[in-house]
Amino acid sequence: MHVVIAEDAALLREGLTRLLEDRGHVVSAAVPDGDALLAAVAEHRPDVAVVDIRMPPTHTDEGLRAALKLRQDFPGTGVLMFSQYVETSYSAQLLEGGAAGVGYLLKDRVANVAEFSAALERVAGGGTALDPEVVSQLFRASRQRGGLATLTPRERQVLALMAEGRSNAGIAAELVVSGGAVEKHVASIFAKLGLPPGESDNRRVLAVLRYLGG
Amino acid sequence: MEEEIRRVAGIVLTAPLARRTRRELLYCGLGGLAGVAGFGVTLVLLVAGLTVSASVLGTVVGLLLLTLALRLSRRIGSLHRRLGNRLLGQHVETPPRFQPGTGILGRLDRRLRDRAAWRSVWYNLVKLPVSALQLYAVVIAACGLYDLADPMIWLFSQQYRGRGPGSLAVWQPLPFGGDFTVHSWLATVPAALLGAASLVAAAWAVRGISAADRALVRGLLGPRTMAERVSELERTRTLAVEDAAAALRRVERDLHDGAQMRLAALAMNLGMAREKLEDPDSETVKELIDAAHRNAVDALADLRDLARGIHPPVLDAGLASALASLATSSAIPASVTADIATRPAPAIETIAYFCAAELIANATKHSYANEIKINIHTERGSVLRLVISDDGVGGADVSRGSGLSGLVQRVSTVDGRLDVSSPGGGPTTVTVELPLHA
């Protein structure tokens with residue numbers, strides 16, 4: 001997997017580079033700001049970009065703006081936002097154009113190398129990886145809009161894990177239930193959200209979006 | 001009774017020797033000259049402005065002259081106020097800063113209605129007779145000094161030229177009678193007595209004039225009306241709120257770029273190390289744990305610095321020891337003298353401490369000084385004065401350095417003041433005055 005990293009703190013930039021290279025990925029470029037990120041992606045066409053949100057010069061949301069531009073100009077490149085904070089408005093902007101190839105993780109998650117790496121691979125492959133924190137924030141936001149009233153607590157749990165980008169097997173492992181039970185929950189969620197049977201992955205994304213978008 | 005008379009006589013006669021007299025004399029000299037000049041400038045501009053604007057065509061020019069008169073009067077007034085504050089040790093607050101309006105007419109309107117400026121105009125006009133008296137008192141003192149020196153001049157002349165000067169002029173300060181000359185050494189003795197008497201007279205004259213002028217300064221050059229006070233309070237409240245918001249932003253930024261980032265790196269290194277625990281390559285694991293350890297130590301240091309930046313624990317032990325510990329950590333050798341009679345409010349202590357820290361940091365960065373002196377003391381039971389001086393290259397300017405202007409803002413939130421004296425070539429002295437209670 002080819003990766004470009006944009007992160008202004010040298011310590012983290014080097015750490016991430018090492019972590020990813022350790023796991024056999026190729027870090028094509030590691031840059032400290034948004035402009036350099038756009039240039040690096042244009043040059044290397046990586047599978048995925050890991051992007052810090054706060055970077056120079058203004059230290060506000062340069063990373064997010066660069067990421068939105070990446071999504072537009074290079075739809076084939078996955079974008080994993082990587083930040084110390086979760087902001088609902090950031091996730092909403094990021095997910096506006098669809099959840100495929102998008103991730104948003106807290107920097108804390110890098111502590112679990114395997115999960116972080118798996119999330120990154122998912123995003124690179126066109127999947128989604130949302131931090132549980134992001135999901136619960138969006139949950140709260142959408143619950144306020146009354147979109148999830150009909151789901152049972154268990155179904156909500158399953159949907160939250162779907163929103164994080166997990167597969168049915170992953171969800172079953174996380175909740176310590178059988179794969180069949182998860183499938184039942186998922187079918188029930190699709191039914192309650194009024195999603196017609198079709199290509200299952202598509203329905204998953206739609207369910208998650210419905211859910212996140214409220 | 002007799003003792004009483006002797007005591008009073010002692011006070012009267014030793015007045016010329018008092019430090020206060022020298023300061024008042026200096027004040028009379030400088031203030032007198034500035035007063036005459038200020039009167040001239042104000043009168044000319046005012047008369048010109050009023051005359052010109054009386055004719056219809058000249059209104060614009062006249063108004064411009066008038067605003068110029070008001071601006072200059074304000075400047076001259078603040079010069080007088082500073083002279084008085086510095087030399088007479090009085091404490092007249094600065095009237096609220098001029099708040100320019102928007103647009104040409106708005107500006108003009110504000111200028112013409114600037115009460116503080118109009119009061120300065122009055123001061124400059126009333127000051128003329130006062131200036132005359134002040135300068136006259138200085139003349140009396142100069143005559144006295146010269147006459148007092150007459151016997152010595154005579155003796156010097158005898159010593160170095162082998163003979164007396166023959167005759168010596170005696171200056172007498174009264175406007176009538178004229179000067180006279182003495183022709184023998186013996187005759188210089190009464191002249192010296194006359195000189196001494198002149199000095200005593202001058203000492204008491206400057207005291208009286210200074211008292212009168214002090215009242216004028218307080219009445220006309222200080223902030224007075226309630227509206228002015230309110231507008232000043234509004235301004236400083238805004239500053240206080242902005243200052244607090246900026247401080248919080250700084251804390252957040254420091255956390256984000258410091259401890260949080262290091263802890264993320266720590267978590268990352270530990271995560272990688274855990275992945276490799278089964279790996280026989282223990283060298284890598286050790287290296288990763290070393291890095292994690294370093295991150296933890298650095299994060300602790302960051303957090304400690306941040307916590308200290310929010311509220312230095314040493315401040316709990318009082319300003320004197322807080323400043324002493326600040327001085328020991330200064331890169332340029334710094335010494336502290338402290339005389340704090342009443343302990344200021346915690347908020348005031350914090351402001352004084354951060355002023356000192358910032359000023360020492362400034363000196364370290366820009367002054368090339370060999371020595372920093374820090375003095376903190378309370379005055380008149382109501383003022384805390386922090387004086388930080390260095391023997392460096394000078395050139396510090398409130399209007400340029402954002403650090404200094406930030407301090408001025410912070411100090412003004414509690415009605416304090418910050419004065420900088422930093423001529424090119426040095427030395428630099430910064431004086432911060434704070435009320436004991438916010």
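See the structure printed just above.
Bear in mind the structure is a predicted one, so any value in this text is a computation, not a measurement.

Asks: For this particular structure, what's the right way to read the nonpolar core?
Replies: One recurring pattern in soluble globular proteins is that nonpolar side chains are buried together. In this structure, Ala6, Leu37, Ala49, Val51, Leu80 and Met81 of chain A are the most contacted members of the largest nonpolar core, which totals 75 residues. The element that contributes the greatest number of residues to this core is helix α8 (residues 259–275) of chain B, accounting for 10 residues. The residues touching Ala6 of chain A, leaving out its near neighbours within four places in the chain, are Val31, Asp33, Gly34, Leu37, Ala49, Val51, Asp52, Met55, Gly63 and Ala66 of chain A. Among the nonpolar cores identified, the runner-up in size contains 30 residues, and Ala322, Ala334, Leu384 and Ala396 of chain B belong to it.

Asks: When you look at the sheet that holds strand β3 (residues 48–52) of chain A in this model, what are you seeing that I'm missing?
Replies: Pairing between the strands of a sheet comes from backbone hydrogen bonds, and it takes one of two forms, parallel or antiparallel. Residues and elements named next belong to chain A. Ordered in space as β2-β1-β3-β4-β5-β6, the 6 strands form an open sheet in which the pairing is parallel. Single-partner strands in this sheet number two, and they are β2 (26–31) and β6 (128–130). Neighbouring strand axes in the sheet, compared pairwise and without regard to direction, differ in orientation by 20° on average. The sheet contact formed by β3 and strand β4 (residues 78–83) spans 5 bridges and is parallel. Counterpart to Val48 in the pairing with β4 is Gly78.

Asks: I tried to follow the packing of helix α8 (residues 168–175) of chain A against helix α9 (residues 179–192) of chain A on my own but got confused; where do I start?
Replies: A packed helix pair is summarised by two numbers, namely the angle formed by the two axes and the spacing between the axes. Residue and element names in this part refer to chain A. At a minimum axis separation of 9 Å, α8 and α9 run at an interaxial angle of 110°. Accordingly, the angle class assigned to the pair α8 and α9 is roughly perpendicular. Along this stretch, α8 crosses α9, giving a crossing that reads as right-handed. Packed against α8, whose contacting residues are Asn168, Ala169, Ile171 and Ala172, the element α9 presents Gly179, Val182, Glu183 and Val186 at the interface. Taken together, the residues of the contact of α8 with α9 sort by class into 5 nonpolar, 2 polar and 1 charged.

Asks: Any chance you could explain the environment of Ala369 of chain B here in plain terms?
Replies: Residue and element names in this part refer to chain B. Inspection of the secondary structure assignment puts Ala369 in the loop between α11 (346–366) and β4 (372–379). By C-beta crowding, Ala369 is classed as buried, having 21 other C-beta atoms within 10 Å. Spatially, the C-alpha atom of Ala369 lies 6.0 Å from that of Asp390, the residues being 21 residues apart in sequence. With near-sequence residues (within four places) excluded, Ala369 lies in contact with Ile332, Ala363, Asp390, Asp391 and Gly392.

Asks: Looking at this structure, how should I read the pairing of β3 of chain A?
Replies: Regular strands have side chains that alternate between both faces of the sheet. Residues and elements named next belong to chain A. Most of β3 is tucked away: 5 of the 5 residues are buried. Judged by which residues are buried, β3 turns out to be covered on both faces: Val48, Val50 and Asp52 on one side and Ala49 and Val51 on the other are all buried. One ladder, built from 4 bridges, connects strand β1 (residues 2–6) with β3; its direction is parallel. Residue pairing in the sheet places Ala6 in a bridge with Val51 of β3. Viewed along the sheet, the connection from β3 through helix α3 (residues 62–73) into β4 turns out right-handed.

Asks: Even after reading the chapter, I still don't get the packing of helix α3 (residues 59–87) of chain B against helix α4 (residues 103–112) of chain B, so can you show me in this structure?
Replies: Residues and elements named next belong to chain B. Interaxial distance between α3 and α4 falls to 10 Å at its minimum, and their mutual angle equals 50°. Relative to α4, the element α3 lies oblique. Judged by the twist between their axes, the crossing of α3 over α4 is left-handed. Of the residues in α4, those touching α3 at Leu63, Leu66, Thr67 and Leu70 are Leu108, Arg111 and Leu112. For the contact of α3 with α4, a count of residues per class yields 5 nonpolar, 1 polar and 1 charged.

Asks: Would you mind showing me how to read the interface of chain B and chain A here?
Replies: Interfaces are frequently sized by the accessible area removed from exposure as the parts join. Contacts between chain B and chain A engage 13 residues on the former and 15 residues on the latter. If you list the elements that add at least two residues to the side of chain B that touches chain A, you get α7 (226–257) and α8 of chain B. Counting residues per element, the side of chain B that touches chain A draws most heavily on α8 of chain B, which supplies 11 residues. In the side of chain B that touches chain A, the residues fall into 7 nonpolar, 4 polar and 2 charged.

Asks: What should I look at first to understand the sheet that holds strand β7 (residues 428–435) of chain B in this one?
Replies: Residues and elements named next belong to chain B. The mixed open sheet is built from 5 strands, whose spatial order is β3-β4-β5-β7-β6. Strands with a single pairing partner mark the edges of an open sheet, and in this sheet they are β3 (334–339) and β6 (417–421). Here the average twist between neighbouring strands, direction ignored, is 10°. Here 8 bridges tie β4 to strand β5 (residues 383–390), and the two strands are oriented antiparallel to one another.

Definitions and limits used
Residues numbered from 1 in each chain as written. Chains lettered and ligands numbered in written order. Predicted model: local features only at pLDDT ≥ 70, side-chain atom pairs only at ≥ 80, totals over all residues. Core = buried A, V, L, I, M, F, W, Y, C linked by C-beta atoms within 7 Å. Buried ≥ 20, exposed ≤ 12 C-beta atoms within 10 Å, placed from the backbone. Helix = DSSP H or I, 4+ residues; strand = E, 2+ residues; numbered from the N terminus. Contact = placed C-beta atoms within 7 Å. Pairing = 2+ DSSP bridges. Axes fitted to C-alpha atoms, helices over the stretch in contact; angles between N-to-C directions. Parallel < 35°, antiparallel > 145°, perpendicular 65-115°, else oblique. Left-handed = near helix turned anticlockwise from the far one by under 90°. Nonpolar A, V, L, I, M, F, W, Y, C, P; charged D, E, K, R; others polar. Right-handed = clockwise from strand over helix to strand, strands pointing away.

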